[in-house]
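Reading the structure
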Amino acid sequence: MAAAMELRCWGGDWGLPSVHTDSLVVLAYAKFSGTKLTVAPVDWTWKTLTASVPELVCGESVVQEPTQILNFLRKQRLNADYELTARQGADTMAYIALLEEKLRPALLHTFWVDAENYSNLTRPWFASRSPFPLNFFLPSRLANITLARILVTKGEGLLHRISEVEGKIYSDAKECLNLLSYRLGTANYFFDNSPTSLDAFVFGFLAPLHKADLTSSPLQSHLRQLDNLTRFCDNILAAHFNADKPCPLPPAMETMDANLQKLTQLVNKESNLIEKMDDNLRSSPQHKPHRPDPKSSLSSSKSSTPA
Amino acid sequence: MSLAAEAFVSQMAAAEPWPENATLYQPLKDDQILLSDHASSLAVQAYLRMCGLPVQVICRANAEYMSPSGKIPFIHVGNQVVSELGPIVQFTKAKGHTLSDSLDDVQRAEMKAYMELVYNMLLTAELYVQWCDDATAAEISRPRYSNPYSWPLGKILAYQKQWEVRRKMNAIGWGGKSLEQVYEDVSQCCQALSQRLGTQPYFFNKQATELDALVFGHLFTILTTRLTSTELAERVKSYSNLLSFCRRIEQTYFEDKGS
């Protein structure tokens, strides 16, 4: 614990200390375990191109990837998981795997592949934080890497078209959010009353989705319906990151009429589903306009409720 | 499958009961099938036995290409074809057979999380050991994969598959891992499973669920498959409750056929 530790990560916005999921995970864990970290944002430096973010530099060792960084901190006896039982530790691993497999593709898609969000939010943000001339090609490079990753991991065999994969990754993500919500229940943190690495991971994944100013996002509206998860994010921000940055936006949102909010979300969900069905029916040749069509519209409107 | 098509298929599935002539397709058992495929296939077989649904296992050299999603195994029931454990579980649920009904929401969340852990760690490690480790790939995976085809088709297909798997490993960040790190990950995963299982007979209460089928499929295959090194099997063997779990499931669901 002797040497000072420096974390390189992306900078913050929208009330968060960092907009990048992995960096947020490490920052949150550092707060929970009481680590003294100096945060060195890579914004406006040439490191945006070359460094892999987040990166922890401690004396002479350099560690990358959130799981490795957390392991490293644990070895330095900065452990937020000290009080967990063996079984809870196993649960932590399982839930982190769930987040990585089910939620991460949809998050990456929402921020980097969805055309509206990318051009209105992500691209200007990253372009404005990079030095000239990186701002011209860095965001599109990151977007290409992300698209390739989604297609390789979720695209099935030769169907390398993103539209086929979209429906599946979003429904997986919504299911994942529901499962997290069931698991959290009414508690403040996932295990007892003190935050652990699982809380850090969930916070890192959910907070950007919760706070970002996304124009079109069914996933964000789904998250907003799950009150206990949004309360979880706000709690952690208020309790651990409050001193650094105030969060102005959420109180304004809460004053909106709850019923009106629920109604708009339901209408959005229905219209999204109808749009998606329309696209599917148009693009798939075997579902030509025959008898089956009216039946499938009935059955899929029934299936919207369990989703 | 798109959402509308899925809903349509499950409605059709609900209409008919499980037929007697349901079949499960997998690659040739002795010469062709690889560790990861055999694990997935065994998991599905275990699940169907746990549900009490009869299924006949048929080995075909081109099973991978017949499958609708390109993954093994797949089942042919009535006039529908469903592949992979997740969709098969949903399909049997639409027909009215399910193992996880008695679980409450939190337990179901846990079950799904543990299943993802197995997919994320065990399956990925199996794929890595098979295709990214040069020794294993050259001695076992490529020869086996190209077995039913004549030269040079077999060679081309084997290298294509290897390239595809390595690309996927790079995309998820496993490309830079060493074999030792992968074995370490497998140990951690087994430790998590072992701690969750504890002294219970199954993962949830006294009843088997799809998680038990999946874990059995992977662990049993790792324990009984011969690779270039026995390191992977050794790592699993060090957890005795997992060993007895595998043995118990094998005795309960797989050995009544012989006697």
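Cut-offs applied
- Residues numbered from 1 in each chain as written.
- Chains lettered and ligands numbered in written order.
- Predicted model: local features only at pLDDT ≥ 70, side-chain atom pairs only at ≥ 80, totals over all residues.
- Heavy atoms only, no water.
- UniProt positions renumbered as here; feature names shortened; annotations may be inferred.
- Helix = DSSP H or I, 4+ residues; strand = E, 2+ residues; numbered from the N terminus.
- Areas by Shrake-Rupley, 256 points an atom, 1.4 Å probe, with all protein chains shown as cover.
- Patch = residues over 30% accessible without salt bridge, like charges linked within 9 Å, V, L, I, M, F, W, Y side chains within 5 Å.
- Salt bridge = Lys/Arg side-chain N within 4 Å of Asp/Glu carboxyl O.
- Phe/Tyr/Trp six-rings, centres within 6.5 Å; stacked < 30°, edge-to-face > 60°.
- Lys NZ or Arg CZ within 6 Å of the ring centre and 35° of its normal.
- Axes fitted to C-alpha atoms, helices over the stretch in contact; angles between N-to-C directions.
- Parallel < 35°, antiparallel > 145°, perpendicular 65-115°, else oblique.
- Contact = heavy atoms within 4.5 Å.
- Nonpolar A, V, L, I, M, F, W, Y, C, P; charged D, E, K, R; others polar.
- 1 Å grid on protein atoms, 1.4 Å probe; cavity = no way out; pocket = protein on both sides within 12 Å on 5 of 7 lines; lining within 4 Å.
- Points joined across faces, edges and corners; volume = space filled by probe spheres on them.
- Pairing = 2+ DSSP bridges.

Per an unreviewed UniProt entry, chain B goes by the name Metaxin-2 and belongs to Characodon lateralis.

Under an unreviewed UniProt entry, the name given to chain A is Metaxin, and the source organism is Characodon lateralis. If you open the UniProt record of chain A and go to Sequence similarities (unreviewed entry), you find "Belongs to the metaxin family." UniProt's Subcellular location (unreviewed entry) comment on chain A is quoted here verbatim: "Mitochondrion outer membrane".

Our focus in this paragraph is the overall build of chain A. When helices and strands are counted, chain A shows 13 helices and 4 strands. Taken as a whole, chain A presents about 15300 Å² of accessible surface, with 56% of it coming from carbon and sulfur.

Moving on, we get to a nonpolar patch on the surface. Together, Phe 132, Phe 136 and Phe 137 of chain A make up a nonpolar patch on the protein surface, roughly 370 Å² of accessible area in all. Along the polypeptide, Phe 136 of chain A turns up in helix H6 (residues 134-154).

Another point: the packing of aromatic side chains. Taken as a whole and judged by the stated rule, the model has 13 aromatic pairs over all chains. Clustering of aromatic rings is evident, with ring pairs tying together Trp 10, Trp 14, Trp 112, Tyr 118, Trp 125 and Phe 126 of chain A. The ring of Trp 174 of chain B carries the charged tip of Lys 177 of chain B above its face, separated from the ring centre by 4.0 Å. Over the ring of Phe 204 of chain B we find Arg 196 of chain B; its NZ or CZ atom is 4.7 Å from the centre of that ring.

Below, the discussion takes up the packing of helix H8 (residues 197-211) of chain A against helix H9 (residues 218-225) of chain A. Residue and element names in this part refer to chain A. Put simply, H8 and H9 touch, their axes get as near as 9 Å, and they point 105° apart. Accordingly, the angle class assigned to the pair H8 and H9 is roughly perpendicular. Contact residues: Leu 206, Leu 209 and His 210 in H8; Leu 219, Gln 220, Leu 223 and Arg 224 in H9. Class assignment of the residues belonging to the contact of H8 with H9 gives a composition of 4 nonpolar, 2 polar and 1 charged.

All names here are of chain B. Taken as a whole, the second largest pocket spans an internal volume of roughly 810 Å³. Lining of the second largest pocket is provided by 31 residues; of these, Gln 26, Lys 29, Ile 33, His 38 and Leu 42 occupy positions nearest its centre. Listed by contribution, the elements that provide at least two residues to the lining of the second largest pocket are helix H2 (35-51), strand E2 (56-59), helix H6 (134-145), helix H9 (210-224) and helix H11 (240-254). Among the residues making up the lining of the second largest pocket, the classes are represented as 14 nonpolar, 9 polar and 8 charged.

Quick look at the sheet that holds strand E1 (residues 23-26) of chain B now. Residues and elements named next belong to chain B. Spatially, the 4 strands line up as an open sheet ordered E2-E1-E3-E4, and their pairing is mixed. Of all strands in the sheet, those with a lone pairing partner are E2 and strand E4 (80-83), marking the two edges. Recorded for the sheet is a direction-independent mean angle of 25° between the axes of neighbouring strands. Where E1 meets E2, 4 bridges bridge the pair, whose relative direction is parallel. Looking at E2, one finds that Gln 26 is bridged to Cys 59. Across the sheet, H2 touches E1, E2 and strand E3 (74-77), and the angle it forms with E1 is around 165°. In this fold helix H4 (residues 85-94) packs onto E3 and E4, with an angle of close to 135° to the strand it touches most, E4.

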